[in-house]
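Letter by letter, the chains look like this.
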Amino acid sequence: MSTTTTRDLASPAPAKATPAKPRRGLRGNRTFNFWLFIGPFLAGLMIFVYVPIGWSIYLSFFEARFTVTPSKFIGFDNYTYMLTNPGFVGSLGTFTVFAAFIVPTTWALSLGLALLVNRLRFMRAFFRSVFFLPTACSYVAAALIWKMSIFSGVRFGLMNTVIGWFGVDNIAWLSNPSPPWYWFVIVTARLWLQSGFYMILFLAALQNIPAELYEAAAIDGAKPGWQTFRYITLPQLRATSTAVILLLLIAAYQAFDEFFNLLSKTTWGRPPLVELYNIALGENQDYGAGSAGAVILTLLIIIVTLFQGKLMGFGRGEEAK
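Structure report, in brief. Keep in mind the model is a prediction, meaning the values are calculated, not measured. (Residues numbered from 1 in each chain as written. Predicted model: local features only at pLDDT ≥ 70, side-chain atom pairs only at ≥ 80, totals over all residues. Heavy atoms only, no water.)

**Looking at the overall build of the protein chain**
Part 1 of the reasoning: A count of helical and extended segments in the protein chain gives 14 helices and two strands.
Part 2 of the reasoning: Residues classed as buried in the protein chain amount to 33% of the 321 residues present.
Part 3 of the reasoning: Sequence separation of at least 24 residues holds for 67% of the intrachain contacts in the protein chain that already meet a minimum separation of 6.
Part 4 of the reasoning: With an accessible surface of roughly 20800 Å², the protein chain has 67% of that area assigned to carbon and sulfur atoms. (Helix = DSSP H or I, 4+ residues; strand = E, 2+ residues; numbered from the N terminus. Buried < 20%, exposed > 50% of the residue type's maximum accessible area, 1.4 Å probe, protein only. Contact = heavy atoms within 4.5 Å. Areas by Shrake-Rupley, 256 points an atom, 1.4 Å probe, with all protein chains shown as cover.)

This is the structure we're talking about:
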């Protein structure tokens, strides 16, 4: 006997849920939104970065004096000229030595500051800001302060005043190449300007090291200090150290502002970019040779960077280290 009632027969069947239609228009079109946001930046990158780079490479194979629209193809003559130019080749050698000194020095100072700040129990944010603050300073402004105030050659300069307390005569820091005291001025300015930025990178990496590693090391008998730093902290900072060293190498070869402002009226200690500036924008305005020099410098930076990355295992998986 059926138990179906009149009420059941009269009740309508439940309607099937219709699938929601994808939204159309500006909000629903993700591809359009992507290009809407990324388009202006991509256009700026193409116009102000990639196109000038491509045009510079093209220009390096032409004779281009006082013009950026060359017509005479000369092949590799510009590269030959730059590689036989004593000023440019000498600057490359000098800055290879400079990079070999400034890179490990900045790395050690940045890591030391990060370790000190990381161990603080109070006012950590204050000291982190104090050490990072010079990063916001302009290289030009810092160079002028170093030149006109701290390392001024007159007896009223801050450094000459300090060494005068110990009976040392005034030193012409920037106007005399023998002895080359100008390197001390440049190195101190560069350390002050960039150590804070790399300290932040190391500090972030230190705070990501699991505390369990130090607890396990203490249980195993490792002494706090050098042992834990060597066998736990330093290996955990491998990736950050590699990135910092690569950035420092690139920055060392691209140095320009402080050298140009500190040594603008001298003929010694010129970086490659200053030599390129004088060749391309000097009296001869040889844009072809300047472009060839820029390509050579770029290739040198790439080679040194790849060699350093290969040496430190940059890009390899954890199992390959």
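Once the structure has been displayed, the description carries forward.
**Details of the nonpolar core**
Across soluble globular proteins, you tend to see nonpolar side chains buried next to one another.
Part 1 of the reasoning: By size, the foremost hydrophobic cluster in this structure holds 55 residues, and its most contacted members are Met-82, Phe-98 and Leu-262.
Part 2 of the reasoning: Elements represented by at least two residues in this core include exactly helix H3 (77-83), helix H4 (86-119), helix H6 (139-150), helix H8 (182-207), helix H11 (238-253), helix H12 (257-262), helix H13 (272-281) and helix H14 (287-311).
Part 3 of the reasoning: Ranked by residue count, the leading element in this core is H8, at 12 residues.
Part 4 of the reasoning: Setting aside chain neighbours within four positions, we find Phe-98 in contact with Trp-183, Ile-186, Val-187, Arg-190, Ala-252 and Phe-259. (Core = buried A, V, L, I, M, F, W, Y, C linked by side-chain atoms within 4.5 Å.)

**Observations regarding the side chain of Thr-233**
Part 1 of the reasoning: Along the chain, Thr-233 falls in helix H10 (residues 226-236).
Part 2 of the reasoning: A residue is classified by how much of its surface remains accessible, and Thr-233, at 5% relative accessible area, is buried.
Part 3 of the reasoning: Apart from residues lying up to four places away in sequence, Thr-233 is in contact with Leu-115, Leu-206, Ile-209, Tyr-214 and Thr-228.

**Section: the side chain of Thr-106**
Part 1 of the reasoning: Mapped onto the elements, Thr-106 comes out in helix H4.
Part 2 of the reasoning: For Thr-106, a relative accessible area of 0% puts it in the buried group.
Part 3 of the reasoning: For Thr-106, the side chain forms a polar contact with the side chain of Gln-194, separated by 3.4 Å.
Part 4 of the reasoning: The contact partners of Thr-106, leaving out residues within four places of it in the chain, are Leu-191, Gln-194, Ser-195, Tyr-198 and Leu-248. (Polar contact = N/O pair within 3.5 Å; in protein donor to acceptor, adjacent residues only side chain to side chain.)

**Structural notes on the packing of helix H2 (residues 30-59) against H14**
Part 1 of the reasoning: With their axes 8 Å apart at the nearest point, H2 and H14 run at an angle of 115° to one another. Taken as axis vectors, H2 and H14 run roughly perpendicular relative to one another. The two elements H2 and H14 cross, and the hand of that crossing is left-handed. Contacts from Ser-56, Ile-57 and Leu-59 of H2 reach H14 at Tyr-287, Gly-288, Ser-291 and Val-295.
Part 2 of the reasoning: Split into classes, the residues belonging to the contact of H2 with H14 amount to four nonpolar, three polar and no charged. (Axes fitted to C-alpha atoms, helices over the stretch in contact; angles between N-to-C directions. Parallel < 35°, antiparallel > 145°, perpendicular 65-115°, else oblique. Left-handed = near helix turned anticlockwise from the far one by under 90°. Nonpolar A, V, L, I, M, F, W, Y, C, P; charged D, E, K, R; others polar.)

**Structural notes on H4**
Part 1 of the reasoning: Spanning 34 residues, H4 covers 49 Å between terminal C-alpha atoms, matching the ideal 50 Å at 1.5 Å per step.
Part 2 of the reasoning: Sitting at the amino-terminal end of H4 is Asn-85, which places a side-chain oxygen 2.9 Å from the backbone nitrogen of Gly-87. (Expected span 1.5 Å × (residues − 1).)

**Topic: unusual backbone geometry**
Apart from glycine, the bulk of residues carry a negative phi angle, and the bulk of peptide bonds sit in the trans form.
Part 1 of the reasoning: Backbone geometry at Phe-66 places phi at a positive 65°, although glycine is not the residue there.
Part 2 of the reasoning: Within the secondary structure, Phe-66 is located in the loop between strand S1 (62-63) and strand S2 (72-73).
Part 3 of the reasoning: Although it is not a glycine, Met-123 adopts a positive phi angle of roughly 55°.
Part 4 of the reasoning: Considering the arrangement of structural elements, one finds Met-123 in the loop between H4 and helix H5 (124-132).

**Quick look at the packing of aromatic side chains**
Part 1 of the reasoning: Per the counting criterion, the structure on display carries 26 aromatic pairs.
Part 2 of the reasoning: An angle of 35° between the planes, with centres 5.4 Å apart, marks the rings of Tyr-182 and Trp-183 as tilted.
Part 3 of the reasoning: Through a chain of ring-to-ring contacts, the aromatic side chains of Phe-95, Phe-98, Tyr-182, Trp-183 and Phe-259 assemble into a single cluster. (Phe/Tyr/Trp six-rings, centres within 6.5 Å; stacked < 30°, edge-to-face > 60°.)

**Points about the pattern of salt bridges**
Part 1 of the reasoning: Tallied over the full model, the rule gives three salt bridges.
Part 2 of the reasoning: Across the salt bridge formed by Glu-63 and Lys-72, the nearest N and O atoms sit 3.8 Å from each other.
Part 3 of the reasoning: The exposure class of Glu-63 is partly exposed, given its relative accessible area of 37%.
Part 4 of the reasoning: The residue Asp-286 makes a salt bridge to Arg-65 at a minimum N-O spacing of 3.4 Å. Separated by 221 residues along the polypeptide, Asp-286 in the loop between H13 and H14 and Arg-65 in the loop between S1 and S2 bring together distant segments of the chain.
Part 5 of the reasoning: Residue Asp-286 is classed as buried on the basis of its relative accessible area, which comes to 7%. (Salt bridge = Lys/Arg side-chain N within 4 Å of Asp/Glu carboxyl O.)

Shape is all these values report; function is a separate question.
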